[in-house]
Amino acid sequence: MLKKSSITLLLPLIALAWILGGCLGEQPPQLPKNRTNANLLPWWYLHPPVSDAEKFYGFGRGESEKEALAKARSNLVYNIVASAESELYRRKERKVLGKEQYAVAESIVSSLPSSAIELVKEGRFHPSETSLLVALQKKLFIRRLKDRLGKERLSLERMWKNVRKKPILERYLTLAEILKKTGAMSSEYRLLTAIAPDARKDERLFGKRRAYFENEWATIRKKITFCIDPVATPAQKIFAKDVKEILEEKGWPVVTHRSTDSNSVCISIRGKLSHRYDNSKNIHRFDADLKLIFHPRFQKRGIVESLKVTGLSADSGPEALRDASERFVKRLRRRFPVIELRDISLR
């Protein structure tokens, strides 16, 4: 019977296998067809190594060498993540690895040239099957992952540098995009520090930088105000009123043009509005093909969001317009253009 400590050690690896699901790559080998004596099979076939201090291993079988190699690479990726997960539990760290880390490892392994994957063993234990054992230097994988993170950090700094003097909406949206990217990078760092403890210093520095971007984003979020540009027709006024209503409902301040400043974002509402009566169906139809233009004050160009809604009524055109307005409000309530397109939630 397994001791309690042994069961505890096995649980993380079992959990990881369950999380990754179908991403396990090649399954543990079984006795090939026409083989009745397992003692005739080599040890590496029956018990392919997982990893050691220097290398990650991958095992694969297929009807061709190409198929076997593809499965061996897939198994290699799984073993990288499983090895990292095992190391975290050995250190009694509470970090969790899963599909995000698997995707990172898969991306790096797939980008490696064939020469980087070492062929350790090859065998044909059945006429229609090839078996391969491959290896990847752990140092090479770590170096590739560090290089990748370095380029991503540099890209984020450039993004921020390019917009620091831009209008507030552009800064807000860029910071939201940066924070999305840093969220993905956190998963990459989790994998890196699991297999390379010396990278913890870099992870801490990255965490401080992410906190800086979070603070900047939150500060700008509090500063932004909105104003609605004047519209030409009574029907457009209805949709302008809808925009103002939803902005306030979502907690965004709406000010008059006289109260705008450099932190204000103005919204112009343009588009085609049309009403027609369908004799065949005895129904009024109101179509609104609207464009919401988000721009800095005193400027006309900005970010354009197109929205189309249709209102129907058996009574009258104004009722069809009312229906279109209600549909417009529901759509804005689900996701307000631009602001929620890239909006995020902080940790």
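Residues numbered from 1 in each chain as written. Predicted model: local features only at pLDDT ≥ 70, side-chain atom pairs only at ≥ 80, totals over all residues. Heavy atoms only, no water.

Of regular secondary structure, the protein chain possesses nine helices and seven strands. A burial count over the protein chain gives 43% of its 347 residues as buried. Long-range pairs, those at least 24 residues apart, make up 68% of the contacts in the protein chain between residues at least 6 apart in sequence. (Helix = DSSP H or I, 4+ residues; strand = E, 2+ residues; numbered from the N terminus. Buried < 20%, exposed > 50% of the residue type's maximum accessible area, 1.4 Å probe, protein only. Contact = heavy atoms within 4.5 Å.)

By the element assignment, E188 lies in helix α6 (residues 168-195). You can call E188 buried: its relative accessible area is 3%. Ignoring any residue separated from it by four or fewer positions in sequence, one finds E188 in contact with V104, L145, R148, L149 and E152.

Looking now at the pairing of strand β4 (residues 225-228). Judged by which residues are buried, β4 turns out to be covered on both faces: T225 and C227 on one side and F226 and I228 on the other are all buried. Where β4 lies against strand β5 (residues 264-278), four bridges are found, and the strand directions are parallel. Looking at β5, one finds that F226 is bridged to V265. (Pairing = 2+ DSSP bridges.)

Turning next to the pattern of salt bridges. One pass over the structure, following the stated rule, counts 18 salt bridges. When the shortest N-O distance is used, the salt bridge between R209 and E157 registers 2.7 Å. With a gap of 52 residues between them, R209 in helix α7 (residues 200-223) and E157 in helix α5 (residues 138-163) connect regions that are remote in the sequence. The class of R209 is partly exposed, set by a relative accessible area of 31%. Exposure remark for E157: the relative accessible area of 28% places this residue in the partly exposed category. Each of E87, R90, R91, E93 and R200 takes part in one network of salt bridges that share partners. (Salt bridge = Lys/Arg side-chain N within 4 Å of Asp/Glu carboxyl O.)

With that settled, consider the sheet that holds strand β7 (residues 303-313). Pairing within the open sheet is mixed, and its four strands lie in the order β4-β5-β6-β7. Two strands close off the open sheet at either side, each with one partner strand: β4 and β7. In this sheet, adjacent strand axes meet at a mean angle of 25° when their direction is disregarded. Bridge count between strand β6 (residues 283-296) and β7: 11 bridges; the pairing is antiparallel. Counted as the bridge partner of A288 is V309 from β7. (Axes fitted to C-alpha atoms, helices over the stretch in contact; angles between N-to-C directions.)

Attention shifts here to the packing of helix α8 (residues 234-249) against helix α9 (residues 317-334). Two elements in contact, α8 and α9, have axes separated by 10 Å at closest approach and are oriented at 30°. Compared by their axis directions, α8 and α9 come out roughly parallel. Handedness of the α8/α9 crossing: right-handed. Here α8 contributes A235, I238, F239, D242, V243, E245, I246 and E249 to the contact with α9, which in turn contributes L321, A324, S325, F328, V329, L332 and R333. The residue inventory of the contact of α8 with α9, partitioned by class, reads 10 nonpolar, one polar and four charged. (Parallel < 35°, antiparallel > 145°, perpendicular 65-115°, else oblique. Left-handed = near helix turned anticlockwise from the far one by under 90°. Nonpolar A, V, L, I, M, F, W, Y, C, P; charged D, E, K, R; others polar.)

Bringing the nonpolar core into the picture now. By size, the foremost hydrophobic cluster in this structure holds 79 residues, and its most contacted members are F141, V243 and I267. Of the residues forming this core, the biggest block, 14 residues, is contributed by α6. Look past the residues within four positions of I267 in its chain and what remains in contact with it is F226, C227, I228, D229, V243, L247, L292, I293, F294, H295 and F336. If you look at the next biggest cluster of nonpolar residues, it comprises eight residues, including L41, W44, Y45 and F125. (Core = buried A, V, L, I, M, F, W, Y, C linked by side-chain atoms within 4.5 Å.)

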